[in-house]
Amino acid sequence: MPELPEVETIRGALAPLLAGRTVLAAGAHPSAKFSSAPRAVGRTVVDVRRRGKYLLADLAPAAGAPRAELVVHLGMTGQLGPDLDPDGPHARAWWRLDDGTTLVFRDVRRFGRIAVLDDGDHSALPTLAALGPEPFGDGFTPEGLWRALGRSTSRVKTQLLAQRVVAGVGNIYADEALWRAGIHPAARRVGRQRAARLHAAVRGALADGLADGGTTLRDYRTVDGGEGRHQAALACYGRARQPCLRCGTTLRRSVVDGRGTTSCPACQR
DNA sequence: GGCTGGCCCTGTACGC
DNA sequence: TGCGTACAGGGCCAGC
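Residues numbered from 1 in each chain as written. Chains lettered and ligands numbered in written order. Predicted model: local features only at pLDDT ≥ 70, side-chain atom pairs only at ≥ 80, totals over all residues. Heavy atoms only, no water.

A UniProt comment under Cofactor (unreviewed entry) is attached to chain A, and it reads "Zn(2+)". (UniProt positions renumbered as here; feature names shortened; annotations may be inferred.)

> Even after reading the chapter, I still don't get the protein's contact with DNA strand B, so can you show me in this structure?
If you check the shell around DNA strand B, you find H90, V108, R109, R110, F111, S152, T153, S154, R188 and R218 and nothing else. Close to the protein, within 4 Å, the atoms of DNA strand B are drawn from sugar and phosphate at a rate of 76%. Contact between DNA strand B and R110: a phosphate oxygen at 2.3 Å from a side-chain N or O atom of the residue. Tallied by class, residues from the surface near DNA strand B come to two nonpolar, four polar and four charged. (Near = heavy atom within 4 Å. Polar contact = N/O pair within 3.5 Å; in protein donor to acceptor, adjacent residues only side chain to side chain. Nonpolar A, V, L, I, M, F, W, Y, C, P; charged D, E, K, R; others polar.)

> What's the story with the sheet that holds strand β4 (residues 68-73) in this structure? I'm lost.
Neighbouring strands of a sheet are bound in pairs by backbone hydrogen bonds; such pairs are parallel or else antiparallel. The sheet built from four strands is open, its strands ordered β2-β3-β4-β8 with antiparallel pairing. Of all the strands in the sheet, just β2 (45-51) and β8 (113-118) have a single pairing partner and so form its edges. Ignoring strand direction, the axes of neighbouring strands in this sheet form an average angle of 20°. The pairing of β2 with strand β3 (residues 54-59) spans six bridges and is antiparallel. Each residue of the ladder has a partner; that of V48, found in β3, is A57. Set on the sheet, helix α1 (residues 4-18) makes contact with β2 and β3; between it and β2 the angle comes to about 175°. (Pairing = 2+ DSSP bridges. Helix = DSSP H or I, 4+ residues; strand = E, 2+ residues; numbered from the N terminus. Axes fitted to C-alpha atoms, helices over the stretch in contact; angles between N-to-C directions. Contact = heavy atoms within 4.5 Å.)

> Help me out: how do you make sense of the sheet that holds strand β7 (residues 102-107) in this one?
Spatial strand order, β1-β6-β7-β5: four strands in an open sheet with antiparallel pairing. Both edges of this open sheet fall to β1 (23-28) and β5 (78-81), since each of them pairs with a single strand only. Mean inter-strand twist for the sheet, computed between neighbouring axes without regard to direction, equals 10°. When β1 meets strand β6 (residues 91-97), the two strands line up antiparallel, connected through five bridges. Bridging from a neighbouring strand, A28 pairs with A93 of β6.

This is the structure:
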């Protein structure tokens, strides 16, 4: 499942391919999740940015229309690249560019989403509109995280996944960060010191994933079709019934607000 | 306004 | 071998 490290890896590879390119033609699956993709036709990509798990391609003004953004969320199984088959069974959208390449969005489970929005108007995507601070930005601080967590009575893992206290964390890196911080995923109260540990753990888990080009468990692929390398370095996620790397206790699998969760019953309190 | 749980969606694993 | 069922989970939304 693409989270911040995977989306950032894709962004870094896509940006030089798309910047300055004009979209000549496009097609999309009829589902409302994807059908707005052709609205990018006639536009020139200025830059490709990332917010949380969203990719945002800035589109230059065209024919009297103001600036716009092509927003892509990869969902669970989304792949984006120039080497995918636009006629393949799971292709959900494609854009033909003025250099002859065709960018294809493939998404087996259709949990992804595409939108072409007026510049800065994210009201059609509530999670994007309410997105919390970027984890590597100055806006994400230990104090701010502690205060944000304290504003809700939801479980700490649920808050991390909701994208409001910090952007870009999904199930893999939430489990990893909570394990690093020694915090139980179902905890509803996190003190100032533990929030500071969680702040460092979120940054550390995401940075390590980013350095490895992301985590490939099944569907995630880089723009050139390669796999991430971080799956071999996971300390917690997916290691249920195996010994905790810190204390040796057998890691336990549970369900926290409907999400599969792995944690250590001894060192995550 | 905040929280909870159901739904979407399809490939894979597993049991019978 | 083939069929049915459970499961995976990010974001949205209805209901409380």
